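Read off the chains here:
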Amino acid sequence: MQDPDPHDQRLTELEIKAAYTEDMLDELNRIIVRQQQQIDALLRELLQLRDRMPDSAGGPPRSLRDELPPHY
């Protein structure tokens with residue numbers, strides 16, 4: 001039996017690595033699309049929550065430090 005040509009073996013290894021890399025890139029792209037959809041949904045929800053908040057009589061935004069719980 002004849003040993004495989006080292007160039008053919010190297011080419012095969014590179015093709016396998018390229019295929020795995022392409023699969024990984026496709027998966028990462030799917031993840032990015034899903035994350036962007038989640039970000040968009042969260043932004044819409046944030047805007048809806050802001051719209052529901054009562055206006056603070058036109059004053060400056062309040063700090064959470066100004067609203068300490070009673071036990072402080």
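Residues numbered from 1 in each chain as written. Predicted model: local features only at pLDDT ≥ 70, side-chain atom pairs only at ≥ 80, totals over all residues. Heavy atoms only, no water.

## As for the overall build of the protein chain
Here comes step 1: Helices and strands together make up the secondary structure of the protein chain, namely one helix and zero strands.
Here comes step 2: In the structure as shown, the protein chain presents an accessible area of about 7600 Å², 57% of it carried by carbon and sulfur atoms. (Helix = DSSP H or I, 4+ residues; strand = E, 2+ residues; numbered from the N terminus. Areas by Shrake-Rupley, 256 points an atom, 1.4 Å probe, with all protein chains shown as cover.)

## A short note on the pattern of salt bridges
Here comes step 1: In the structure shown here, the tally under the stated rule is two salt bridges.
Here comes step 2: The partner of R10 in a salt bridge is E13, and the shortest N-O contact between them spans 3.9 Å. Highlighted residues: R10 and E13, both in helix 1 (residues 6-52), separated by three residues, approximately one helical turn.
Here comes step 3: Here R30 and E27 are joined by a salt bridge, their closest N and O atoms 2.8 Å apart. A residue pair is termed a helical-turn pair when its members lie 3 or 4 positions apart in one helix, as R30 and E27 do in helix 1 at three residues. (Salt bridge = Lys/Arg side-chain N within 4 Å of Asp/Glu carboxyl O.)

## Description of a nonpolar patch on the surface
Here comes step 1: On the surface, I39, L43 and L46 cluster together to form a nonpolar patch covering roughly 250 Å² of accessible area.
Here comes step 2: Counting through the fold element by element, I39 comes out in helix 1.
Here comes step 3: Since its relative accessible area comes to 43%, I39 is described here as partly exposed. (Patch = residues over 30% accessible without salt bridge, like charges linked within 9 Å, V, L, I, M, F, W, Y side chains within 5 Å. Buried < 20%, exposed > 50% of the residue type's maximum accessible area, 1.4 Å probe, protein only.)

Function-wise, these values are silent; they only describe arrangement.
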